[in-house]
Amino acid sequence: QTESTVRNYGPVFEEQPRNTLFPEGSSEEQILLTCQARASPPATYRWKLNGTEIKIETNSRYRLNGGNLVISNPVKLKDAGFYQCVASNSVGTVVSREAYVRFGFLQEFSTEERDPVRGTEGWGVMFTCSPPPHFPGIEYRWFVNDFPNFISTDRRRFISQATGNLYIAKTEASDLGNYSCFATGHIDSFKKSVFSTSSQLSLVREDSRPYAPTIKAKFPSDTFALAGQLVSLECFAFGNPVPQIRWRKLDGGQSSRWITTEPLLEFKEVSFEDEGTYECEAENIQGKDTYRGRIIIQAQPEWLKVISDKEADIGADLHWSCAAAGKPRPTIRWLRNGRPLTSQNRIEVNGGDLRIFKLTMDDSGMYQCVGENKHGSTYASAELYVQAFAPDFRLNPVRRLIPAARGGEIIIHCQPKAAPKANIIWTKGTEITITPSGTLIIRNISKSDEGKYTCFAENFMGKANSTGTLSVRDATKITLAPSSADINVGENITLKCHASHDPTMDLTFTWCLDDLLIDISKSEGHYKRAKNIGDLMVLNAQLKHAGRYTCTAQTVVDSASESATLVVRGPPGPPGGLVVTDIKDTTVQLSWSRGFDNHSPIAKYVIQVRTPIFSHWKQARTNPANIEGNSETAQVGNLIPWMDYEFRVLASNILGVGEPSMPSAKIRTKEAAPTVAPSGLNGGGGAPGELIINWTPMQREYQNGDGFGYNLTFRKEGTQVWKTATVLGAESLHYVYRNESIAPYTPFEVKIKAFNKKGEGPESLVSIVHSAEEEPRVAPSNITVNSVMATEMDITWNSVEDHDMNGVLLGYEIRYWKHGDKEEAADRVRTAGLVSSAHVTDLHPNTKYHVAVRAYNRAGTGPASNPTSFTTTKPPPRRPPDNISWKFSSSSVSIKWDPVVAKADESAVTEVFSFGHAI
């Protein structure tokens, strides 16, 4: 057989069955398990269920569609289990991975009446879901009183997706009602929901007093998970105030893959790096409670090394190996044509290693290694083809013309295709040379070595030969070699190279830098070749261009080479081995090793830092301030406590600043008490009897440690005793003090300081914050209304005194309405500030109005003044004067007209105006 012959090959899976979850009660009437293999000749297919071959007969519920298995009218008792596809042809047989068929279901809740849940207002309660039998997992929700009045989860309420139970950390009167658990199962597009009978919540009323947290919903002490899976840990606590939940990993730092939403810690794709012990901490002002548990990561088998198709000569030895990773460690077994393969005679099986000695034609076939642990299995397949044929030179004959240089060396290969490997004999005339490798080597070549050389190859299948002619030529020599040089970065240099050669052949030049061939076209303009000679120009030299340059002059029969060293001086290379030690709250110690000085002494070092908050590198303050070039250590100061830092070092010399070192491992400085007071202290607003205090939350760089919060002190202005309050959490930004005895808009002196686990920081300056405003207590007095025109009026009043305002006066509201209308329909006009008068327009003439005035502030509008009544005047006559005439004299004009008599609905004429203009 030759390589050009197209031979058959065994089955190679292109599609394999996948795990299938079939919902009970689905309208689908069949299950499809896919299987498709590429093979020549085409494969035939069989299927196994739980290791037993499935009999596919006419009128059976099983049928084949190509390689696919179709199961009609699936039945759980008969069809649930593990399926495997078996593909075969004349070359061999392979089996697919196992795929399960499982049946999903969700039964109804019990119809039994549920016991009521009794609790005390302000304390926590739990509702038990007790879900019905189901597979696989389901989603839980709860509704209260009526469907679909679903409960939204928040810091106070939590629904466990592990048990379905509902937890309320601190009950309120609004929680009263009838609660039902609602469960939903999803399988692809199929969805089913069921809900329980209701449990009534009743609460005993009593004064709510604070109490420390108690963790009620806990994740397992050991959580086993497969790498790549979604993992969710639950933690929820009762307490008053509602506790804050924090998560931490006790044996390592926080991962960027964490997703925390207080009661939940989630990993979208958990990895081995996430394995360890985790702590949930619930805390409020009364205390804290903690709980710990482990995440243990395991993994399905995954191939590290697999077998591949092999062509082997008859009589040769075969060694195949497979290696798989997984946890627990996978075991490996072998199959040949779908059947187990064990050690026997010429076959040796040792875990992932398979050896077959002295191969025979019967050893050809399909082989599989199977990696397995309790979480699954993985299959790797390959074909072994054992071959035997006579030597054949058609694809790889001896070269017909073999030129060689005088005094040089030539290697002539003889590599026919043969199985088993052929014995080789070389002849030239009557001379015979036997070489085990099939290669003929002629050294110190002379003219007498010219002639025809024939390679004879033979094995037990037959024999063949191939002939080539050796021709001797003049040798190539370097006549002008390159010279070593020393330049600075950015300079140019030409490296010389000339050579002599046999005139019957072409000569080419190539250049290497440190034994790597230089590609002029990819040098970005740094290299240029001279025409017709071997010279190499190095332009705008950089540090990377330093090294050993080798010029090679080459013909088809030989070559000659000469080398020279180019030194390029430049800025130093990056320092190495950067280590951070002696980590304190504001200082660390750095040490490093010198990088290359690039042939110019290092003058000094600069240290740079960056943090997650300030992502750009910036120069650090160091001790000593100027780090000499012979130093390999320095202290970095002025750091922020409890902050993650990375460091890097840069060296410089007279030629410039070099590349920075690799960043150090990320470290966190030690914790310290806060050093600055919170800013933006203000407040006001809220409901009656409240003092609201606001501030600007402290940024991460000012927190200096864990367990961060705020301590407030405040007192009514003019009193001596300070009240205190503690607010947990760096993100907190306000505090509400409630006391029904607080008078409206009472000024309070307020101070604030931050704290963490290391202590308290400095206190802020005193700010004046007023308690909540209320509507003004009294109405404006002495309301006076004057009609200005038939449609306008002026209103004045006496202002409300400051002590009656209950806040800051924003202005006054004038309400006016027609006699006979209701006050609620009144028109309104508002003034701003301290103004005590207003002008109102767009009134109706000859109409009686009532007017009332109120003061208003931020809390609302105060009481109205007693209504004041007035009537707008009648409108002026609408008809103009008639019979107007005039008479001119030397310096005046006399005008006459008929008088206008007002109608009953018009006001009497009191004045007449005349207007004119010059002509």
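Residues numbered from 1 in each chain as written. Predicted model: local features only at pLDDT ≥ 70, side-chain atom pairs only at ≥ 80, totals over all residues. Heavy atoms only, no water.

Here we come to the packing of aromatic side chains. The description of an aromatic ring pair uses the distance of the two centres, along with the angle that the planes make with each other. On inspection of all chains with the given rule, the structure shows 32 aromatic pairs. For the pair Trp123 and Tyr211, a centre-to-centre distance of 3.8 Å together with 5° between the ring planes defines the contact as stacked. Remark: Tyr211 occurs in strand 21 (residues 211-218) and Trp123 occurs in the loop between strand 12 (117-120) and strand 13 (125-127); sequence separation between them is 88 residues. Overall, Tyr211 belongs to the buried group, its relative accessible area being 9%. (Phe/Tyr/Trp six-rings, centres within 6.5 Å; stacked < 30°, edge-to-face > 60°. Helix = DSSP H or I, 4+ residues; strand = E, 2+ residues; numbered from the N terminus. Buried < 20%, exposed > 50% of the residue type's maximum accessible area, 1.4 Å probe, protein only.)

As a further point, take the side chain of Thr378. Its location among the elements puts Thr378 in strand 37 (residues 376-387). A polar contact of 3.1 Å, which involves the side chain of Thr378, links it to the side chain of Trp303. (Polar contact = N/O pair within 3.5 Å; in protein donor to acceptor, adjacent residues only side chain to side chain.)

On to unusual backbone geometry, then. Cis geometry marks the peptide bond from Ser40 to Pro41; its omega dihedral reads 0°. Of note, Pro41 is situated in the loop between strand 4 (36-40) and strand 5 (44-49). For the bond from Phe135 to Pro136, the omega torsion is -10°, close enough to zero to count as cis. Along the chain, the position of Pro136 falls in the loop between strand 14 (134-135) and strand 15 (139-144). Unlike most non-glycine residues, Ser130 shows phi in positive territory, near 50°. In this fold, Ser130 is placed in the loop between strand 13 and strand 14.

Moving on, we come to the pattern of salt bridges. The tally for this structure, following the rule as stated, stands at 42 salt bridges. When the shortest N-O distance is used, the salt bridge between Asp515 and Arg548 registers 3.7 Å. With a gap of 33 residues between them, Asp515 in the loop between strand 51 (508-513) and strand 52 (516-517) and Arg548 in strand 55 (residues 547-554) connect regions that are remote in the sequence. By relative accessible area, which is 40% here, Arg548 ends up partly exposed. (Salt bridge = Lys/Arg side-chain N within 4 Å of Asp/Glu carboxyl O.)

So, about the UniProt feature "domain: Ig-like" (unreviewed entry) in the chain. Residues annotated in UniProt with the feature "domain: Ig-like" (unreviewed entry) correspond here to residues 11-96, 107-202, 213-284, 301-385, 391-471 and 476-567. End-to-end, the C-alpha atoms of residues 11-96 are 11 Å apart, and along that stretch the chain is 5% helix and 53% strand. Here residues 301-385 runs as 0% helix and 64% strand, with 28 Å between its end C-alpha atoms. (UniProt positions renumbered as here; feature names shortened; annotations may be inferred.)

The subject of this paragraph is a nonpolar patch on the surface. Judged by side-chain polarity, Ile884, Trp886, Phe888, Val893, Ile895 and Trp897 come together as a nonpolar surface patch covering roughly 660 Å² of accessible area. Within the secondary structure, Val893 is located in strand 84 (residues 893-898). Val893 sits in the partly exposed class, given a relative accessible area of 39%. (Patch = residues over 30% accessible without salt bridge, like charges linked within 9 Å, V, L, I, M, F, W, Y side chains within 5 Å. Areas by Shrake-Rupley, 256 points an atom, 1.4 Å probe, with all protein chains shown as cover.)

A few words now on the state of the cysteines. The final tally for this structure, using the stated rule, is 6 disulfides. The partner cysteine of Cys35 in its disulfide is Cys85, sulfur to sulfur 2.0 Å. On the S-S bond that ties Cys35 to Cys85, the torsion sits near -75°, and the link is left-handed. Placement of the pair is Cys35 in the loop between strand 3 (30-33) and strand 4 and Cys85 in strand 9 (residues 81-88), with a sequence separation of 50 residues. Cys35 sits in the buried class, given a relative accessible area of 0%. We classify Cys85 as buried; its relative accessible area is 0%. In this model Cys497 forms its disulfide with Cys551; the gap between the sulfur atoms is 1.9 Å. Here the disulfide of Cys497 and Cys551 is left-handed, its torsion about the S-S bond being about -80°. With a gap of 54 residues between them, Cys497 in the loop between strand 49 (493-495) and strand 50 (498-500) and Cys551 in strand 55 connect regions that are remote in the sequence. Assigned by exposure class, Cys497 and Cys551 land together as buried. With its bonded cysteines labelled in order along the sequence, the chain shows the pairing 1-2, 3-4, 5-6, 7-8, 9-10, 11-12. Free cysteine: Cys512, not disulfide-bonded; nearest cysteine sulfur from Cys551 at 9.7 Å. (Disulfide = S-S within 2.5 Å.)

Of all hydrophobic cores here, the largest spans 22 residues; its most connected members are Leu33, Trp47, Leu69 and Tyr83. Residue assignment for this core shows that the elements contributing at least two residues are strand 3, strand 4, strand 5, strand 8 (68-72), strand 9 and strand 11 (99-106). Discounting chain neighbours no more than four positions away, the residues touching Leu69 are Ile31, Leu32, Leu33, Trp47, Ile54, Ile56, Tyr62, Arg63, Leu64 and Tyr83. Among the nonpolar cores identified, the runner-up in size contains 21 residues, and Val580, Ile607, Val636 and Ala651 belong to it. (Core = buried A, V, L, I, M, F, W, Y, C linked by side-chain atoms within 4.5 Å. Contact = heavy atoms within 4.5 Å.)

Two modes of strand pairing occur in sheets, parallel and antiparallel, and in both the strands are linked by backbone hydrogen bonds. On the basis of which strands lie adjacent, the open sheet formed by 3 strands has the order 13-17-16 and antiparallel pairing. Edge strands, defined here as strands with exactly one partner in the open sheet, are strand 13 and strand 16 (157-159). Between one strand axis and the next, the sheet turns through 15° on average, direction left out of account. Strand direction decides the pairing type here: strand 13 and strand 17 (residues 166-168), joined by 3 bridges, are antiparallel. Considered in strand 17, the bridge of Met126 is made with Tyr167. (Pairing = 2+ DSSP bridges. Axes fitted to C-alpha atoms, helices over the stretch in contact; angles between N-to-C directions.)

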